[in-house]
Amino acid sequence: MPQINGSTELFGIIGNPVRHSLSPAMHNAAFASLGMNRVYVPMPVNDVAQAMSGLRSLGFRGASVTVPHKEAVIPFLDELDPVADKIGAVNTLLLRQDSEGRTIVRGFNTDWLGANAALAAAQVELRGKRVVVAGAGGAAKAVGFGLIEAGAEVVITNRTAESGQELAQWLNSEFIALDDLPWLTADVFINTTSVGMEPNTEGIIIPPHLLSKFSAVMDIVYAPLETRLLNKAKTAGCRTVDGLAMLLHQGAEQFRIWTGVPAPEQVMRAALEEGLLRRTICAVCGSFLR
Ligand code: ATR
């Protein structure tokens, strides 16, 4: 922990729930490792308008935004990064003073970079490759957008056809039903749904025998770190990328936006793993007990 004093710069995460967010452990470890007098705190927020005026008046320098406020926060910004505008969601705020002392809040989206950077770090080639994305929520939208930016051909699959088709249309890509996966050939498979997450760790979004046709498989679920999907993918000989990798890389980009320097990724990854180990999950209700 830094010595908190009058010069400490404030950062944090707004959302609900945020009590069990791993972002404070990740960012505080990063600040501390570079000797930065900065602190990052979880802030449970229901009213976005009030939270935004609070961040401004309390002199915060930056914040993460998480569920359910990633879209709702946009009307309260002074500036919006063009990519965040296109995706329609913001997960990062940067606050600065203009020449007249007014606070300017700019919104960014780093989620879309997280999956790309995680795959790149695992040496998974995307350009010209066919990538199946399971899911049609906010995570699928950011991941799909990033994949197309990286030159991949995206195929969306989802339990509910309507939302899957809607996302596929937005991405200008193809939709296939989960039941049709046996007839699809592709290079990479990415799960963006919560299937397989504790306590329902037996869940798997794709029949395991289909995994051998992919060269790489990524899961955005990180509790457990090795999901059943990743376990079966390893057995099938696929390269695997876990959910902490995406969390790490979207966080590394946030760190760069806030500080202007490259993120200490190894320190951040270690903090995420330690944070994950410290959490206890209720086997009955699935929520985090501490
Ligand atoms: P996020 O914004 O975090 O991506 P979300 O908007 O709740 O979360 O999206 C969750 C995704 O996981 C959806 O695509 C959902 O499928 P539906 O559109 O059919 O609801 C998918 N999902 C969640 N639980 C699932 C399950 N048990 N089986 C299959 N898909 C599931």
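Before reading on, note that the structure itself is shown above.
Criteria and cut-off values
Residues numbered from 1 in each chain as written. Predicted model: local features only at pLDDT ≥ 70, side-chain atom pairs only at ≥ 80, totals over all residues. Heavy atoms only, no water. Near = heavy atom within 4 Å. Polar contact = N/O pair within 3.5 Å; in protein donor to acceptor, adjacent residues only side chain to side chain. Areas by Shrake-Rupley, 256 points an atom, 1.4 Å probe, with all protein chains shown as cover. Pairing = 2+ DSSP bridges. Helix = DSSP H or I, 4+ residues; strand = E, 2+ residues; numbered from the N terminus. Contact = heavy atoms within 4.5 Å. Axes fitted to C-alpha atoms, helices over the stretch in contact; angles between N-to-C directions.

Asker: Teacher, can you tell me more about the site of the ligand here?
Answerer: Of all residues adjacent to the ligand, which total 13 residues, the nearest are Ala136, Gly138, Asn158, Arg159 and Thr160. Between the ligand and the protein, one listed contact pairs an oxygen atom with a side-chain N or O atom of Asn158 at 2.7 Å. Within the side chain of Thr160, one N or O atom sits 2.5 Å away from an oxygen atom of the ligand. Considered on its own, the ligand offers 640 Å² of accessible surface; in the complex 60% of this is hidden by protein.

Asker: Would you mind going over the sheet that holds strand β6 (residues 103-108) with me for this structure?
Answerer: Each strand in a sheet pairs with another by means of backbone hydrogen bonds, the pair being arranged parallel or else antiparallel. Spatial ordering of the open sheet is given by β2-β1-β3-β5-β6-β4, a layout of 6 strands whose pairing is mixed. Whereas interior strands pair on both sides, the edge strands pair on one side only; in this sheet they are β2 (38-44) and β4 (79-80). As judged from the 4 bridges shared by strand β1 (residues 9-15) and strand β3 (residues 62-65), these two strands associate in the parallel manner. Opposite Phe11, over in β3, you have Gly62 as the bridge partner. This element, helix α2 (residues 48-57), spans β2, β3, β5 (92-97) and β6 of the sheet and lies at about 40° to β5. Together, β1, β2, β3, β5 and β6 form the strand contacts of helix α8 (residues 243-259), whose direction differs from that of β5 by roughly 5°.

Asker: Is there a simple way to explain the sheet that holds strand β8 (residues 153-158) in this structure?
Answerer: The strand order across the open sheet formed by 6 strands is β9-β8-β7-β10-β11-β12, and the pairing between neighbours is parallel. Two strands close off the open sheet at either side, each with one partner strand: β9 (174-177) and β12 (239-241). Direction aside, neighbouring strands of the sheet carry axes that sit 20° apart on average. Two elements, strand β10 (residues 188-191) and strand β11 (residues 216-219), share 4 bridges in a ladder whose sense is parallel. Following the sheet pairing, Val188 is matched in β11 by Ala216.

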